Amino acid sequence: MNVYDSGRMADLLAPLGYEETGTPEMADMVILNTCHIREKAAEKVYSELGRLRPLKEERRAAGGDMLIAVAGCVAQAEGEEMARRAPVVDLIVGPQTYHRLPELVAQAHRSTGAVLDTDFPAESKFDHLPYTQRSEGPAAFLSVQEGCDKFCTFCVVPYTRGAEFSRPVGDVLIEARRLVDGGVRELTLLGQNVNAYHGPGPAGDAWTLAGLIRALAEIPSLDRIRYTTSHPRDMSDDLIAAHGEVEQLMPYLHLPVQSGSDAILKAMNRRHTADDYLRKIEKIRAARPDIALSCDFIVGFPGESDADFADTLKLINTVNFASAFSFKYSARPGTPASTAGSQVPEQVKSERLSALQQLLTAQQTAFNHASIGRTAPVLFEKAGRQPGQLIGRSPWLQAVFVDADDSLLGNITEVTLVKAQTNSLAGELTGDGKIRWSTVDKVA
Ligand code: SAH
Ligand code: SF4
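Residues numbered from 1 in each chain as written. Chains lettered and ligands numbered in written order. Predicted model: local features only at pLDDT ≥ 70, side-chain atom pairs only at ≥ 80, totals over all residues. Heavy atoms only, no water.

Take the site of ligand 1 next. Around ligand 1 lies a shell of 16 residues, among which Q192, Q258, R270, D296 and S330 are the nearest. In the complex, 91% of the free accessible area of ligand 1, which totals 540 Å², lies under the protein chains. Mapped onto the shell around ligand 1, the elements with two or more residues apiece are β11 (292-299) and β12 (323-328). Residue composition of the shell around ligand 1, grouped by class: six nonpolar, five polar and five charged. (Near = heavy atom within 4 Å. Areas by Shrake-Rupley, 256 points an atom, 1.4 Å probe, with all protein chains shown as cover. Helix = DSSP H or I, 4+ residues; strand = E, 2+ residues; numbered from the N terminus. Nonpolar A, V, L, I, M, F, W, Y, C, P; charged D, E, K, R; others polar.)

Below, the structure is given as structure tokens:
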């Protein structure tokens with residue numbers, strides 16, 4: 001979502017004459033768009049600020065200036081402290097008020113101290129943002145939902161991104177059509193809890209994510225739709241059915257479970273059991289048998305015993321994931337779990353993380369190996385590292401490297417998958433390699 005937000009910030013600042021530069025050395029303004037989800041992500045901000053300070057000083061010594069802004073969830077959570085701790089910062093803006101950037105930039109130019117805006121305004125920033133103007137490639141993000149009301153006991157999102165909010169269907173469709181007109185072939189719908197989407201439709205009634213996806217699937221030339229991130233409890237029957245029925249909805253689902261232990265899931269306030277999760281997975285696989293499943297795990301949540309951790313490994317062995325993200329539990333200020341008495345020692349967390357990742361990496365490698373010999377439509381997104389090579393994505397979100405001409409960039413072409421590694425596949429163009437594959441063309 002920060003990638004999407006950063007794009008919108010650039011759109012907002014373009015009318016003021018700003019354009020993106022390749023390096024901070026060339027910039028008149030640097031915006032650090034930050035993440036507060038784990039401590040490590042938050043720490044990065046201060047080290048980046050340390051690197052920017054000499055650049056700003058040099059610029060000042062030469063009679064100019066460099067405006068330094070911090071945006072995103074660290075700004076939201078630690079804004080006031082940051083203004084004190086890092087005087088190099090000129091502007092601090094939270095994730096729900098960045099539509100005010102043009103005005104804040106003007107204020108920052110006039111002010112001596114840091115300008116701070118970390119409100120949660122009653123009206124949505126989306127009412128003030130221009131529609132996305134452009135996308136860097138044929139696959140784009142589109143925020144449809146933000147914030148969260150679930151209050152998992154480890155998570156800062158409800159405090160930093162604020163209450164759950166869904167954009168109106170009409171707004172999403174307009175933005176999607178603009179992106180497709182600009183050459184986008186694949187959209188990933190974003191939200192911290194995207195499958196809780198309940199945005200108002202044209203008649204004012206709340207639409208589900210499944211309804212939104214079905215409406216998006218009618219946009220000609222929008223060949224691929226994905227969404228992330230979902231909560232197991234909001235994986236409704238109509239959304240599961242859409243996976244079996246909507247051809248443009250790609251066979252990949254990121255559905256975090258966090259833990260396989262019912263006691264830990266309860267302490268996390270996830271409000272589902274391991275078995276509830278497994279039953280959802282069975283339903284999803286029944287609707288779309290080739291679906292690739294991805295997940296998030298936290299190890300070392302307060303109170304997690306060896307037996308709890310063994311339950312997580314058991315769940316992983318039962319599901320078989322195509323990919324996954326896993327993290328050591330990180331105590332976040334203000335969250336209930338951060339003050340629990342039963343914190344797990346760092347070394348135990350490290351051991352569990354490495355055992356978990358070994359198993360997940362083996363599953364991911366096996367998933368990629370099982371793709372060898374398959375023919376799949378690949379959307380080419382960018383040039384590869386080697387000359388004459390392009391990188392694209394399979395329907396199952398695998399990165400695929402292919403020797404292919406630049407003319408295929410932005411197109412979907414049939415590729416035979418020939419070699420697999422843990423994080424990518426090598427493919428060869430199938431047939432004449434020029435077939436421009438499109439779901440919509442096929443249906444027509
Ligand atoms: N809404 C999604 C998660 C969004 S946060 C869900 O409910 O599953 C993205 C991921 O960051 C989470 O899935 C979790 O695995 C991880 N995460 C969040 N808070 C964390 C914390 N305090 N420590 C470690 N990992 C955390
Ligand atoms: Fe955080 Fe996801 Fe839980 Fe919401 S549902 S509190 S975003 S982990």
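This next bit is on the site of ligand 2. Every residue lining ligand 2 is accounted for by C148, K150, F151, C152, F154, C155, V157, P158, H231 and R270. Class assignment for the residues of the shell around ligand 2 results in seven nonpolar, one polar and two charged.

Take the domain arrangement of the chain next. Splitting the chain by domain gives domain 1 (2-117), domain 2 (125-369) and domain 3 (375-443). Placing a centre on the C-alpha atoms of domain 2 and another on those of domain 3 gives a separation of 26 Å. Contact with domain 2, which involves 24 residues of that partner, is made by 27 residues of domain 3. Around 2,000 Å² of area is buried between domain 2 and domain 3 when both sides are counted, 54% of it from carbon and sulfur atoms. By the criterion of area lost to domain 3, the three top residues of domain 2 are R185, R224 and N368, representing 31% of everything that side buries. (Domains from an automatic or database assignment. Contact = heavy atoms within 4.5 Å. Buried area = accessible area lost by both parts, 1.4 Å probe.)

The amide bond that connects T228 to the next residue, T229, takes the cis arrangement and shows omega of 0°. If you trace the backbone, T229 turns up in the loop between β9 (224-228) and α8 (237-245). The residue N269 is not glycine, and still its phi comes out positive at about 60°. For N320, which is not glycine, the phi dihedral falls at a positive 70°. Residue N320 is classed as partly exposed on the basis of its relative accessible area, which comes to 45%. (Buried < 20%, exposed > 50% of the residue type's maximum accessible area, 1.4 Å probe, protein only.)

Here the focus is the layout of surface pockets. Computed from the structure, the second largest pocket encloses a volume of approximately 380 Å³. Surrounding the second largest pocket, 16 residues form its lining, R38, E39, K40, A41 and S330 being those nearest its centre. Looking at the lining of the second largest pocket, the elements with two or more residues in it are α2 (39-61), β12 and α12 (346-370). For the lining of the second largest pocket, the domains that each give at least three residues are domain 1 (2-117) and domain 2 (125-369). (1 Å grid on protein atoms, 1.4 Å probe; cavity = no way out; pocket = protein on both sides within 12 Å on 5 of 7 lines; lining within 4 Å. Points joined across faces, edges and corners; volume = space filled by probe spheres on them.)

A few words now on the packing of aromatic side chains. Applying the stated criterion across every chain, the model contains five aromatic pairs. Arranged with centres 5.5 Å apart and planes meeting at 75°, the rings of F301 and Y329 form a pair that is edge-to-face. With a gap of 28 residues between them, F301 in the loop between β11 and α11 (306-319) and Y329 in the loop between β12 and α12 connect regions that are remote in the sequence. No difference in accessibility class separates F301 from Y329, as the two residues are buried. In textbook terms, an aromatic cluster arises when at least three aromatic residues are bridged by ring pairs, as seen for F154, F301 and Y329. Note that R374 overlies the ring of W396, its terminal NZ or CZ placed 4.1 Å from the centroid. (Phe/Tyr/Trp six-rings, centres within 6.5 Å; stacked < 30°, edge-to-face > 60°. Lys NZ or Arg CZ within 6 Å of the ring centre and 35° of its normal.)

How two helices pack is summed up by the angle between their axes together with the distance between the axes. Viewed as axis vectors pointing N to C, helix α1 (residues 2-13) and helix α4 (residues 101-110) meet at an angle of 65°, and their least axial separation amounts to 9 Å. Judged on the interaxial angle alone, α4 and α1 are roughly perpendicular. Across the interface between the two elements, M9, L12 and L13 from α1 touch L101, P102 and V105 from α4. Among the residues making up the contact of α1 with α4, the classes are represented as six nonpolar, no polar and no charged. (Axes fitted to C-alpha atoms, helices over the stretch in contact; angles between N-to-C directions. Parallel < 35°, antiparallel > 145°, perpendicular 65-115°, else oblique.)

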